[in-house]
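Chain residues, written in single-letter form:
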Amino acid sequence: MLGFGQPQLKEAGVGRISPTDDASGLPRSERKTADKIGKYLYEQYQQGARMRKMHVLSWMKTLSILNNVHYFRMSGNRPIPVEKKAGEIRAVVEYMAPMYRRQLGRMAAHRLGVTAVPTIGHDARMTYRAERAQYSMEYWINEVEFHEAQDEWNQQLLIFGMTALYWYADEFRQQAFVQPIPQTQIFPIPYDAPDWRSADGI
């Protein structure tokens, strides 16, 4: 995940526990800690779900306008296009779409790249190792089509205001891939973190 670290619970007494689905199967010394973590995360989920509802309306309006649907009414959280009447003249001032395309172009100009230099010394052996590392990373970026994921990441960031990169290992293809996840599917921990610097995780 890019931009967010792993969840770190700030409550005193919460430490590392063994991975399990059932706290009753843990040693007694770890059960209380597991219960604390479970209650904390469940509370964050509930509060995050409530906060998400506040943003859905804005997201749906933005997506409608970017899809060239400027006249619509909201039915719950769903935009319903308003049909044009006979002889009706509708004025549309393009503002959001050009600004979105301009910002997207600026972000796309900054492609992820790798430059490796020796950390100690500048002899031939260290330079060779640095070049090997750079080649390996460049090969991985091309192999997993990372630039396509970066383009999708940029779009989600502009539309929703928050996104994350999830990496996963594909055992069949023997490679690690990345997948952008929009804010519609995630929320920060704590749920009311104003920016990524204030978040412990997602």
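Residues numbered from 1 in each chain as written. Predicted model: local features only at pLDDT ≥ 70, side-chain atom pairs only at ≥ 80, totals over all residues. Heavy atoms only, no water.

This model, assessed by the stated rule, comprises three salt bridges. Among the ionic pairs, Asp-151 bridges to Arg-111, the shortest N-O distance being 2.9 Å. Here the residue Asp-151 occupies a position in helix 4 (residues 146-160), and Arg-111 occupies one in the loop between helix 2 (96-108) and helix 3 (124-143), the gap between them amounting to 40 residues. By relative accessible area, which is 40% here, Arg-111 ends up partly exposed. Where Asp-170 meets Arg-173, a salt bridge forms, and the shortest distance between an N and an O atom there is 3.0 Å. (Salt bridge = Lys/Arg side-chain N within 4 Å of Asp/Glu carboxyl O. Helix = DSSP H or I, 4+ residues; strand = E, 2+ residues; numbered from the N terminus. Buried < 20%, exposed > 50% of the residue type's maximum accessible area, 1.4 Å probe, protein only.)

With that settled, the discussion passes to the confidence of the model for the protein chain. Looking at the protein chain as a whole, the pLDDT averages 78, with 84% of positions reaching at least 70. The model gives residues 1-21 a pLDDT under 50, and that stretch makes 42 contacts with residues more than four places away or in other chains. (pLDDT = per-residue confidence, 0-100. Contact = heavy atoms within 4.5 Å.)

Bringing helix 4 into the picture now. Helix length check: helix 4 (15 residues) gives 21 Å between terminal C-alpha atoms against 21 Å at 1.5 Å per residue, within 8%. Buried within helix 4 we find Phe-146, Ala-149, Gln-150, Trp-153, Asn-154, Gln-156, Ile-159 and Phe-160. Downstream of helix 4 by one or two residues, Gly-161 has phi in the positive range, about 90 degrees. (Expected span 1.5 Å × (residues − 1).)

The tally for this structure, following the rule as stated, stands at five aromatic pairs. Aromatic side chains Tyr-166 and Tyr-168 sit 6.2 Å apart centroid to centroid with 15 degrees between the ring planes, which places their arrangement in the stacked category. Plain terms: the ring middles of Tyr-168 and Phe-177 are 6.0 Å apart, the flat faces sit at 25 degrees to each other, and that makes the pair stacked. Feature note: the residues Tyr-166, Tyr-168 and Phe-177 constitute an aromatic cluster, connected by ring pairs. Arg-90 extends its terminal NZ or CZ atom over the ring of Tyr-71, reaching a point 4.5 Å from the ring centre. Over the face of the ring belonging to Phe-177 we find Arg-173, whose NZ or CZ atom lies 4.1 Å from the ring centre. (Phe/Tyr/Trp six-rings, centres within 6.5 Å; stacked < 30°, edge-to-face > 60°. Lys NZ or Arg CZ within 6 Å of the ring centre and 35° of its normal.)

Judged by side-chain polarity, Tyr-71, Val-82 and Val-92 come together as a nonpolar surface patch covering roughly 220 Å² of accessible area. Topologically, Tyr-71 is positioned in the loop between helix 1 (28-66) and strand 1 (72-75). The exposure class assigned to Tyr-71 is partly exposed, which follows from its relative accessible area of 32%. (Patch = residues over 30% accessible without salt bridge, like charges linked within 9 Å, V, L, I, M, F, W, Y side chains within 5 Å. Areas by Shrake-Rupley, 256 points an atom, 1.4 Å probe, with all protein chains shown as cover.)

With that out of the way, let us pick up the environment of Val-178. With respect to the helices and strands, the residue Val-178 is situated in strand 4 (residues 175-182). In this structure Val-178 touches Trp-140, Phe-146, Ala-149, Leu-165, Tyr-166, Trp-167 and Tyr-168, once residues within four positions along its chain are discounted.

Attention now moves to the packing of helix 2 against helix 4. Any two packed helices are characterised by how steeply their axes cross, that is the angle between the axes, and by the distance between the axes. Axis separation between helix 2 and helix 4 bottoms out at 10 Å; the angle between their running directions is 140 degrees. By the angle between their axes, helix 2 is oblique relative to helix 4. As for how helix 2 packs across helix 4, the hand of that crossing is right-handed. Contact residues: helix 2 offers Tyr-100, Gln-103, Leu-104, Met-107 and Ala-108, while helix 4 offers Asp-151, Asn-154, Gln-155, Leu-157, Leu-158 and Ile-159. Here the contact of helix 2 with helix 4 is built from residues that sort into seven nonpolar, three polar and one charged. (Axes fitted to C-alpha atoms, helices over the stretch in contact; angles between N-to-C directions. Parallel < 35°, antiparallel > 145°, perpendicular 65-115°, else oblique. Left-handed = near helix turned anticlockwise from the far one by under 90°. Nonpolar A, V, L, I, M, F, W, Y, C, P; charged D, E, K, R; others polar.)

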